[in-house]
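Breakdown of the fold
Single-letter residue listing:
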Amino acid sequence: MAIYFANRVALGNARGNPVCSAWSKVKGESPLLGISCTGGTVGIYTDEGEPLDKENDPPIKSSRGADAEVLSWHPTMKLLAIGWKDGTLSFWSEAERRVSEDKQTHSSAITCLEWSEDGSRLLTGDEGGKVGVWKTDARGRPVPMVQYHERDAKITHICFRSVDPSDAASQPPEPPKEDGAAAELPAVIFYYGILTQEKGVVCQGDDKGHKGHLYEVDTDLVALLYYKEKGALVALSRSSTLTVHAPKDSSWVSLVKAKLPTMEGVSSLQIIGASPSLPLLTASMQITGVDCTETHVLLWNGKKAEVYELARDDVRMVSTFPSAASSMAIFKESVFRTNDSRVEVCNLQLGDGDELGEVESLQVNCSGSKVSFILTSSENQAKVDSRIIVYDVEMDNFSAFDFKSQKRYPEAHFWDADEPKLLAVESRMDAANHAENDSMGLDTQEVEVTTLFSTPDDGVLFQEQHQLDPEMEGCVGLKVPFIFFFKKVQGDMGGAQMDGPCVKSGVMRDFTGLESVDDKTRQALLNFSYHLAVGNMDDAYKAVKLIKNPNVWENMAHMVTWAGKHVLASASDKDSMVRMFNLNTEENFVLMMGEENAMKKVSSLAFNTATNSLAAGTKEGRVAMWKFVGAESDSTEGDSSRNPEDDWQLLPGVSLGSKVTALSWGPNMRLLVGVCMDGVYIMSKCVLQHKIRDKNAVVQLSADKVVIESCDPTAQAGSSAQRLLTTSMQITGAEASEYKEIDARVGTVAVQLGLIQDAAKLFVACDRYDLLNNLHQSCGEWEKAIEVAQKHDRIHLRTTYYNHARHLESIGDTPGATSAYEMSETHRAEVPRMLYENNMLEELEEYINTTQDKKLMKWWARYCESSGMFDKALECYQTAGDYLALVRVHCYRGSFQEASEIAAESNDGAAAFHLARQFENQERIPEAIQFFARAQRYNHAIRLDGIPHKEAPVLLLSKLRLVSAGGEVGLGAGDDTDPAILMRCADFFLEHGQFGKAVHLLVAAKDFEKALNLSIEHNILITEDMAEAMTPNKDQGTAEERTNLLRRIGKCCKRQGSFHLACKKYTQAGDKVKAMKVLLKSGDTEKVIFFAGVSRQKEIYIMAANYLQTLDWHNDAEIMKSIIQFYTKAKAMDSLSSFYEACAQIEIDEYRDYEKALGALREATKFMAKAQRTSPDKDERLASLNQRISLCDKFVQARKLIKTDPQEMVRICSGLLEYPPEDSHDVESAIRVGDVFALLVEYYQSTQNYEQAYHLIEKMRDRNIILSPYLDQEMVESVYKAMGVPLNDTRQQADDGEDTVGEEIDGEA
């Protein structure tokens, strides 16, 4: 179960009444509440209602005494925009805790503040008709962009358009530009409503300086909302007319226009222009004539007539009466029929067949033009007709108002003393309905007074309804704006006594708070109410448009807000309900506020989009809440099987005590702020907790009470003890539940119980030194807290120092606070703030001079400058090295010589530019050109240049510093430099044979063809900067021209050896093959691999792989991997097979690793088999590979058998050595014969069979096989020694020689 509890906000030093409030909207962070109060203050509070900064509350104060009218938080950061009544716009940031102001944009009271969804734009509007567009910089600070001014108008509402930019169909047409400029697509579009002297207007603008009027409304706007799902605008005017407009072609068209009812009990909406399909009408007679209006159908057959009313979804019979007329017609509420030579008129409800019955009571209005009467009837126990009948003498017709639907009957009726069309009727609940309500336990209002308007064309219409106080008996009369009641008599008639006056007056709701207005205003309001009842919006507006009294307009104001994707919620301060209107299905329904809020009048509305919760505040200080529990749908068809009001669940309400003037939801459903007449309250959602643990049950009863009771079933009867615990705080749960460590949880409980030492031990035991640090800080043990942070909790060390500094500052220990701020590294902001707020300016100056901190020095220099202490400011700027500020101050004081020296010595561009602008203002052109050139602002220097044509090439370049001290020309000219000047200089250098300088200037002048031709002709080295400068943009010239130029640049770079640059230009030209060829010439392996990877072309893959094979790929796994990858991507299987063959050969020749060689040969065979059939030698290579695999596999098996089966090893090796000469090439291509001999010699030597070893060595020599790569020298000597044969020196030298001799089989050369 969840309930809401209200906490009064401690407004602190803000003694005024609250004006408005707003919640911060940053997701995932604790919200802040901004509250504006009279007296020119704005306070910032936490979600618990406590001031954010208790020492400085409120933090935002107006020195001008103006009140803050509007507050708006940035959607993604805690930045508050404040609009003041005097036109000032302020910004307060939680991070900086300071206020910045703008007084230039607006000069009258600000009425609107609206951030865009992403926070990149801010819109502001004021009463003077000015709209400001702001953008946020990289640090989130608002910067003004564009301003609009609607003359003789007031900005009333602002909203942003938010649609999918990719949906071109949803883009609305641009408004017509007032200056006639061509339309362009704006970056950000918004809409705003203005109020002129005669009407309201909806306008559109953007952040590019375009604006225009879209359409007009009948009166001024009450609300302007953007309907995102439909791409439309929803506007509610003062006359309660709801309109929906959407863009179509090049204009805005009206989709919906509806009159929202303002009378109590009326919940339907009148949709103008809708054409709902109606069911089939079947009459109970044979029809001979038909006539109809917009709302009724008349049928007749010469004997009787029937009248039907056209409802939204069905047709309902109104009346039936006998009629012998052969021809009939219907107009509004009258039926015309023929009777011989006459035409008769009768009423829809009565007809000519109705008998009125006996008159019970009769009254005549003040002018004698209308008569009202009550009739007898047998329908109820009171024997009174449920209708009040009015006869219009001038129109000679009857009209009636029926109380039957309310289960009531009229008892008395009174005409207004001055107004002939206003009637009050006292009605009572009939006995049957009274008994039914009593049996159900419902409260019943027995007597009610209803005021009605008698109209000539629309009959009797409802105006408003009043409930009597319990001590009142009934109504005695009516005189606008009062209704008079008489008290109940106490005791019997004989001894009845009255305490005080017996008659009491009540105020009509339309005149609440306006009892003392003049007769003209009173009559205008009465006419306004009359025309609203009739449904004539234009006449209603005309009746009140000239009223100047602001209290009147405030009294008539309505509340409207979004309540879902397609739903609007609205109410007036006369309603005891909230009216809902679905724009998608055009359904309308009413949300009642429950029994506890019955008859409470709505004063404010707020909707939470995150949780679909709606809150309504009342004049009586109650807050009712609903939650949407249905399913949202985009369907335009309503579901007739359900009631839309059933989708809204009524939640428990909250009582705040006084009138709720404003409501605002926090970033989640847990927080709702209410601004009341006596203060501000934060309503927090509290989830009632319950836990059973260790045979004890804890149940939360309310926000601050829990009951603890033993639930041990083994306890003795009567021994259970129940204890009620009341805390001084609002319970939201146990803090210990956030910690996973058991000791941390227990330690948290120990803190709550006051067991500080035990809690500290527990925190240490579970290594939660952060909790221990916080505990010491809370206990004021700062030395211990700092020690813990230094040794165990260094992540919070600076925070601990900062908290210590704040504590020392609060107790007045300024030196200690200064030292602590320095330890926390926040001294640059906090120490000046502290000393300045305490008016310790001498100490502040001494501190800054002592620290010699440049940032602090600049700050102090600005302060001195603003105070007129220029000499001291210059000293501080000099110390801080702020040359721009030095030049600026000297220029302000007229010391241009000193400023020139500083700008020249410092070589500071900003200082030189500022000084140049000052010289320009004084028309000292040579000095201005000189310092514009120092600032490298050449376009300004050229703009001021007045040098004759023949001297321009040399002197102008010198001034613009395009010529260096060594005479070299650079590409320093900006994009705005006049090309004609550069071409003039280039021609000068060409005439004097300085082709390099001419090429640079031609490139700067964008004459690329001429520059390239000159480079090729005179072999001028093209640098990367020149190549980039000569590369045309894609929008310059044709694609073919651009490609040809890039190829020429690439070819020139290749000839000059700039292979990387040539590769880049060929790539930009789209010729990647040539780009790869020049890149291969550079030998940059890393870039070759990268370029091949991104090019994704078969030819380039093969080129890259072939190049990589020329490198030491065997010792570099990445290169080897790239070779395999490129051949695979190019599907060059034959090349990949050859690569694996090379791998196998290297394994044999270099490492004698036949196992790896065998694997490589098998991979080669696999990829050769995948090669295309077009390979001419595919079958021959496959056969060769299979033969090599067979021989290599035999030798590998022989080496494995040397220990397990040496005889088999000898047999295999002997077989390999006995191959005939014609097959010797196959053996040599697979294995080295010397390895076979070496394996046998080593085996025989190890078995001391020296004779066999000797014969094998001799065979190796006969085949001219060098022994040293295969046999160890000592082993050879031991074999010869064992055989008693001397080792031949000549043959030994040959064996040890370095010459490579091919190995042969059977001695074949």
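Check the entry above for the structure.
Residues numbered from 1 in each chain as written. Predicted model: local features only at pLDDT ≥ 70, side-chain atom pairs only at ≥ 80, totals over all residues. Heavy atoms only, no water.

So, about a nonpolar patch on the surface. A cluster of nonpolar side chains, namely Val359, Leu362 and Val364, defines an oily patch on the protein surface of about 250 Å² accessible area. Here Val359 shows up in strand E30 (residues 359–364). Overall, the relative accessible area of 42% leaves Val359 in the partly exposed class. (Patch = residues over 30% accessible without salt bridge, like charges linked within 9 Å, V, L, I, M, F, W, Y side chains within 5 Å. Areas by Shrake-Rupley, 256 points an atom, 1.4 Å probe, with all protein chains shown as cover. Salt bridge = Lys/Arg side-chain N within 4 Å of Asp/Glu carboxyl O. Helix = DSSP H or I, 4+ residues; strand = E, 2+ residues; numbered from the N terminus. Buried < 20%, exposed > 50% of the residue type's maximum accessible area, 1.4 Å probe, protein only.)

There is a patch of like negative charges on the surface, built from Glu1242, Asp1272, Glu1274 and Glu1277. Note that Asp1272 resides in the loop between helix H37 (1250–1262) and helix H38 (1273–1283). (Lys, Arg positive; Asp, Glu negative; His and termini not counted. Charge placed at Lys NZ, Arg CZ, Asp CG, Glu CD.)

What follows deals with helix H31 (residues 1133–1151). Across its 19 residues, H31 extends 26 Å between first and last C-alpha, which sits within 8% of the 27 Å expected from 1.5 Å per residue. Along H31, the residues that are buried comprise Met1133, Leu1136, Ser1137, Phe1139, Tyr1140, Glu1141, Cys1143, Ala1144, Glu1147 and Ile1148. Phi turns positive one or two residues past the end of H31, at Arg1152, with a value near 55°. (Expected span 1.5 Å × (residues − 1).)

Our focus in this paragraph is the side chain of Arg428. Counting through the fold element by element, Arg428 comes out in strand E35 (residues 422–429). Arg428 gets classed as buried once you look at its relative accessible area, which sits at 14%. A distance of 2.4 Å separates the side chain of Arg428 from the side chain of Glu411, its partner in a polar contact. Ignoring sequence-local partners within four residues, the contact set of Arg428 consists of Lys407, Arg408, Tyr409, Glu411, Glu446, Val447 and Glu473. (Polar contact = N/O pair within 3.5 Å; in protein donor to acceptor, adjacent residues only side chain to side chain. Contact = heavy atoms within 4.5 Å.)

What follows is about the packing of helix H16 (residues 896–906) against helix H17 (residues 909–921). One can describe the packing of H16 onto H17 by two numbers: an axis separation of 9 Å at closest approach and a directional angle of 145°. As H16 packs across H17, the resulting crossing turns out to be left-handed. Facing H16, whose interface residues are Phe896, Ala899, Ser900 and Ala903, H17 presents Ala911, Ala912, Leu915, Gln918 and Phe919. Across the contact of H16 with H17, the residue classes break down as seven nonpolar, two polar and no charged. (Axes fitted to C-alpha atoms, helices over the stretch in contact; angles between N-to-C directions. Left-handed = near helix turned anticlockwise from the far one by under 90°. Nonpolar A, V, L, I, M, F, W, Y, C, P; charged D, E, K, R; others polar.)

In this model, Val480 is joined to Pro481 through a cis peptide bond whose omega is 10°. Take Pro481: it is sitting in the loop between strand E38 (472–479) and strand E39 (482–487). A positive phi is found at Glu825, a non-glycine position, where the angle reads about 60°. Among the secondary structure elements, Glu825 is positioned in the loop between helix H10 (814–823) and helix H11 (827–837).

All right, on to a positive patch on the surface then. The grouping of Arg1047, Lys1051, Lys1054, Arg1055, Lys1074, Lys1077 and Lys1081 at the surface amounts to a positive patch. For the positive patch, the secondary-structure elements that each account for two or more residues are helix H25 (1039–1055) and helix H27 (1072–1082). Tallying contributions element by element places H25 first for the positive patch, with four residues. Topologically, Lys1077 is positioned in helix H27.

Turning our attention to the sheet that holds E38. Read from one edge of the open sheet, three strands run E38-E39-E40, paired in antiparallel fashion. What marks the edges here is a single partner per strand, and that holds for E38 and strand E40 (503–507). Taken over all neighbouring pairs, the strand axes of this sheet differ in orientation by 30° on average, direction set aside. Relative to E39, E38 runs antiparallel, the two being bridged by six bridges. Its bridge partner lying in E39, Lys479 is registered against Phe482. (Pairing = 2+ DSSP bridges.)

This is a description of form; function is not addressed.
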